[in-house]
Each structure stands twice: as structure tokens, then as C-alpha cells.
Amino acid sequence: MHEIDGTTLVHTLIGAAAAIVVTLGITYAVAKRLGRHNVIDVAWGLMFCCAAAAAFVASAGHGDDLRRWLLLVMTVVWGLRLAIHIGLRSRGHGEDPRYATLLEGKGELGIILIVYVLQGGIAFFVALPVMVGSLTQGSVGVIAYAGVLLWVVGVAFEAIGDRQLAAYKADPDRGPVMDRGLWGWTRHPNYFGDACVWVGLFLVAAEHWPGVLTILSPALMVYLLAFGSGKRVLERHMAERPGYRAYMDRTSGFFPLPPRR
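Our subject in this report is the structure included herewith. (Residues numbered from 1 in each chain as written. Predicted model: local features only at pLDDT ≥ 70, side-chain atom pairs only at ≥ 80, totals over all residues. Heavy atoms only, no water.)

Looking only at helices and strands, one finds 11 helices and zero strands in the protein chain. Reading the helices (α) and strands (β) of the protein chain from amino to carboxyl end gives α-α-α-α-α-α-α-α-α-α-α. Its C-alpha atoms put the protein chain at 55 × 45 × 25 Å along the principal axes. Sequence separation of 24 or more characterises 80% of the internal contacts of the protein chain that already satisfy a separation of 6 or more. When the accessible surface of the protein chain is split by element, carbon and sulfur atoms take 68% of a total near 13000 Å². Looking at charge distribution, the protein chain has the averaged site of its 23 positive side-chain charges lying 7 Å from that of its 19 negative ones. (Helix = DSSP H or I, 4+ residues; strand = E, 2+ residues; numbered from the N terminus. Contact = heavy atoms within 4.5 Å. Areas by Shrake-Rupley, 256 points an atom, 1.4 Å probe, with all protein chains shown as cover. Lys, Arg positive; Asp, Glu negative; His and termini not counted. Charge placed at Lys NZ, Arg CZ, Asp CG, Glu CD.)

Soluble, globular proteins show a tendency: their nonpolar side chains are buried together. The biggest cluster of nonpolar side chains holds 50 residues, and the ones touching the most others in it are W44, F48, W78 and W198. Considering each element in turn, this core owes the most residues, nine residues, to helix α2 (residues 40-58). Once residues lying within four places of it in the same chain are set aside, the contact partners of W198 are F48, T75, W78, V126, A127, V130, P218 and M221. Grouped together as the second largest cluster of nonpolar side chains are eight residues, L165, V177, M238 and Y247 included. (Core = buried A, V, L, I, M, F, W, Y, C linked by side-chain atoms within 4.5 Å. Buried < 20%, exposed > 50% of the residue type's maximum accessible area, 1.4 Å probe, protein only.)

This part takes up helix α1 (residues 6-34). Taking 1.5 Å of rise per residue, the 29 residues of α1 would be expected to cover 42 Å, and the 42 Å separating its terminal C-alpha atoms lies within 8% of that figure. By the burial criterion, the buried members of α1 are T8, T12, A16, A19, I20, T23, L24, T27 and A31. Here the buried face of α1 lies against α2, α5 (108-126) and α6 (128-135). Of the residues flanking the start of α1, the one acting as N-cap is D5, its side-chain oxygen 3.3 Å from the backbone nitrogen of T7. Remark: G35 follows α1 within two positions and exhibits a positive phi of approximately 80°. (Expected span 1.5 Å × (residues − 1). Polar contact = N/O pair within 3.5 Å; in protein donor to acceptor, adjacent residues only side chain to side chain.)

Here the focus is the packing of helix α3 (residues 65-90) against helix α7 (residues 142-170). In the contact formed by α3 and α7, the axes pass within 11 Å of each other and the chain directions differ by 10°. What the angle tells us is that α3 and α7 run roughly parallel. Touching L66, L70, M74, V77, W78, R81, L82 and H85 of α3 are Y145, G147, V148, W151, E158, A159 and D162, all from α7. A class-by-class count of the residues in the contact of α3 with α7 yields 10 nonpolar, two polar and three charged. (Axes fitted to C-alpha atoms, helices over the stretch in contact; angles between N-to-C directions. Parallel < 35°, antiparallel > 145°, perpendicular 65-115°, else oblique. Nonpolar A, V, L, I, M, F, W, Y, C, P; charged D, E, K, R; others polar.)

Time to look at the pattern of salt bridges. All told, the structure shown has eight salt bridges when counted by the stated rule. Measuring nitrogen to oxygen at the nearest pair gives 3.2 Å for the salt bridge that ties K32 to E108. Placement of the pair is K32 in helix α1 and E108 in helix α5, with a sequence separation of 76 residues. When its relative accessible area of 33% is taken as the criterion, E108 is described as partly exposed. The partner of E207 in a salt bridge is R67, with the nearest N and O atoms 3.1 Å apart. (Salt bridge = Lys/Arg side-chain N within 4 Å of Asp/Glu carboxyl O.)

Residue placement: V142 occurs in helix α7. On the basis of relative accessible area, V142 is assigned to the exposed category, the value being 70%. Spatially, the C-alpha atoms of V142 and C50 are 28 Å apart, while their sequence positions differ by 92 residues.

The subject of this paragraph is the side chain of T251. Tracing the backbone through its elements, the reader meets T251 in the segment after α11 (244-250). One polar contact links the side chain of T251 to the main-chain carbonyl oxygen of Y247, over a distance of 3.0 Å. The contacts of T251, once residues within four sequence positions are left out, are W183, G184, W185, T186, R187 and R260.

Here you go:
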């Protein structure tokens, strides 16, 4: 059984937390300047990138180097792609209606707690496999490579789903509901992809002790995406659109399945 040095673990956790806090501070300043708090959606991926970079630096000379590089590259590639996509998508637009509704009547402290502190805390907890895995000793094997494969599937689902949605929006003859490609098999290919990414990262970390102890991190992410704030909040807003309830009846809500008649 491989042990992790307690002092190094604490330093890694503190470094990752500090990276997330700095990212949130910059994001809040940008949000105040632009007058919209949905910029936190861009910062979501960047928080994980910064936390992974901090964990990579802090774990130098401790964890398995191949695993450290895998966790860093997998997290940064996913996080940067997501941040760039959301940044380009939201450029030139105002506040997201979901944030406007959520933050209505909230004071500045309430906004900071709901938008920034809460999401920063969730990001830190979800990123625990990256931090702990960076310190994990023992060679990379079948379980970790299975995690990499699942990560590839997840990133592909997100990227392809986003591209298909962009093509749908650009089509002047589009129907009232996007049900093409991956969107005909799952109402949320990007959320399903996100879940695959974080389960994959967990598998890379969990191949050796004590990485397996971080299992609650991907569990929380999957729950939020499939049952919590992600899918539930979005569909509450989307259900008002013509044809969307029929789309819900024939299309899987999360895991990709052939569309029902």
C-alpha cells in the first residue's frame, strides 16, 4: 500500500484552493465590470485548470510522473475547451436569464455566496481526485487507461454536441427543438460528457491507494449534472418552449439511448 506524505498533501490542497480563490477573485472583478455574473460559467473550467496546475507543481517529486502528467493534461484540455466555448458563445450577450432569476432580490453578499463561494467550493471538492491522484505512487495500469478512454468519450460528447448545437442554431430552417445527432439520443450530451470526464479522471487517480477515497467527488458531479442544478434548472427553463415536452418524452434525459417512438 502506498502512503501519501501528510504535509505534502496539505500543501497541495492549500495550493489548489488558493488557485481557485484567485480565479474567483478575478472573475468577480470582471463580472462587476461587465455587469453580468454569468462569466462564472467561463471561470468554471478555468478553476479546474488552475487547481490542476497547482497540484502538479506541489506534487513534484512525490507522485508517479506519468499519472501527474495525465491528470494535468486531461484537466487542462477539458477545462480550456469548455472555457473557450462558453466564452465565445456568451460574447456580446447580457446576463443569463437563469442567473437573473436566481439572483433576483439578493444583496451583494448573497450573490458572492451563491455564485462564487458555492461554485468554488464545489470545484475544489470535485477536483480532489486530481489533487490526491497527483500524489499517488504506483505505476499507471489498466484502470487508469480505462479512465483515459472514458475521458476521451466524454470530451468527444461535449465537443460534438456543442458543434451540432451551433450548427442547429445557424440553420434558418431548423425545427423548434434540437433533436439531431447526439441530441436525439440524450437531451444533454454535454452533461453526459462532463460526467464521463470526471469519472475518467477519478479512475486515473483511484488505481492506487488512497485515490479511491475520492469517489464522492465524481459522485457529486454526476448527481449535479443528472439530477441537480445542471439538468433540472435548464429543463425548467426549456420546458416553456414549443415541442420541448414532446422531445422530453421521446429522448433519454441523460444516458444516451435510442429515441423512443
